[in-house]
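Structural description and commentary
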Amino acid sequence: VDNKAGGAVTVTAGKGSGTTAGAGGAVSISAGVGAKAAGGAVTVTSGVGTATSSGGVTVATADGGSTGVSGAMLLKTGDAGNGNTGSYTVTTGAATNGVAGGINMTVGTGNTGTGGAMTLTAGESTAASGTGGAVTVTAGKGAGATAGAGGAVSISAGVGASALGGAVTVT
């Protein structure tokens, strides 16, 4: 039969028991260690839709319980003992006959205290006379011979509800 969905794969760790300290089991996926060559890679890829859309990929921590917080998420490359560390790239795919997907980074809303911060920091150089890394923000290039305007770059401070708005400082 040619109209059936492919089989699913589900990996679920065990449920903790008890009323105070029964932590749930962990799920760990690790590639192999390379003895004299590179270690193995870990690839997570959604399914191809040969005639329609590909599947999505969601990486998320679960909501916190009634008296807890949600889990943290860390995406990082490893340290290097002798050479460069790996790079970290976030990109969306190119679109044909459509608009390329956007990239959004947003801090969640809190109802007590100060809102969560977002920090973008380039790398520090500890070499003698070394130069720190640069931060570059570039809007998109326009196309076309007459009306293809380039994208804008906008930096705005927060609006104050009953006090001063935030400041924009460029040094």
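Here's a quick rundown of the structure.

Scanning the protein chain for helices and strands turns up zero helices and zero strands. Taking 16 Å as the expected radius of gyration for a compact globule of 171 residues, we find that the protein chain reaches 23 Å, considerably beyond that expectation. The principal-axis extents of the C-alpha atoms in the protein chain amount to approximately 55 × 50 × 45 Å. Buried residues in the protein chain amount to 0% of all 171 residues. Across the protein chain, the fraction of contacts at a sequence separation of at least 24, relative to all contacts at a separation of at least 6, is 0%. Summing over all exposed atoms, the protein chain offers an accessible surface of approximately 15700 Å²; the carbon and sulfur share of this is 52%. Across the protein chain, the 5 positively charged side chains and the 4 negatively charged ones have centroids separated by 7 Å.

What follows is about unusual backbone geometry. One non-glycine residue, Asn97, adopts positive backbone phi at about 60°. At Ser129, a position not held by glycine, the phi torsion is positive, near 60°. Take Ser129: its relative accessible area is 79%, and that puts it in the exposed class.

Looking at Gly101, the relative accessible area reads 43%, which means it is partly exposed. For Gly101 and Thr91, which are ten residues apart along the polypeptide, the C-alpha to C-alpha distance reads 9.0 Å. Among all residues touching Gly101, those that are not within four sequence positions of it are Thr92 and Gly93.

Reading guide: rules and limits
- Every chain's residues receive numbers from 1 upward, in the order its sequence appears when written.
- Per-residue local features are limited, in this predicted model, to residues with pLDDT of at least 70; the limit for side-chain atom pairs, both in listing and counting, is 80 or more; totals at the level of whole chains, interfaces and linings are taken over all residues.
- Heavy atoms from the whole structure form the basis of all side-chain values; hydrogens and water molecules are not counted.
- In this description a helix means any DSSP run of H or I spanning at least four residues, a strand means any run of E spanning at least two, and both kinds are numbered starting from the N terminus.
- C-alpha atoms define the radius of gyration in this analysis, and the globule rule sets the expected value at 2.2 Å times the number of residues to the power 0.38.
- For the exposure calls, accessible area comes from a 1.4 Å probe over protein chains only, and a residue counts as buried if that area is under 20% of its type's maximum, exposed if over 50%, partly exposed in between.
- Only heavy atoms matter for contacts: two residues are in contact if any of them lie within 4.5 Å across the pair.
- Here the open area of atoms and residues is found with the Shrake-Rupley method and a 1.4 Å probe, where only the protein chains shown may cover a residue.
- This count recognises Lys and Arg as positive and Asp and Glu as negative, with His and chain-terminal groups excluded.
- Here the site of a charge means NZ on Lys, CZ on Arg, CG on Asp, or CD on Glu.

Keep in mind these numbers describe shape, not what the thing actually does.
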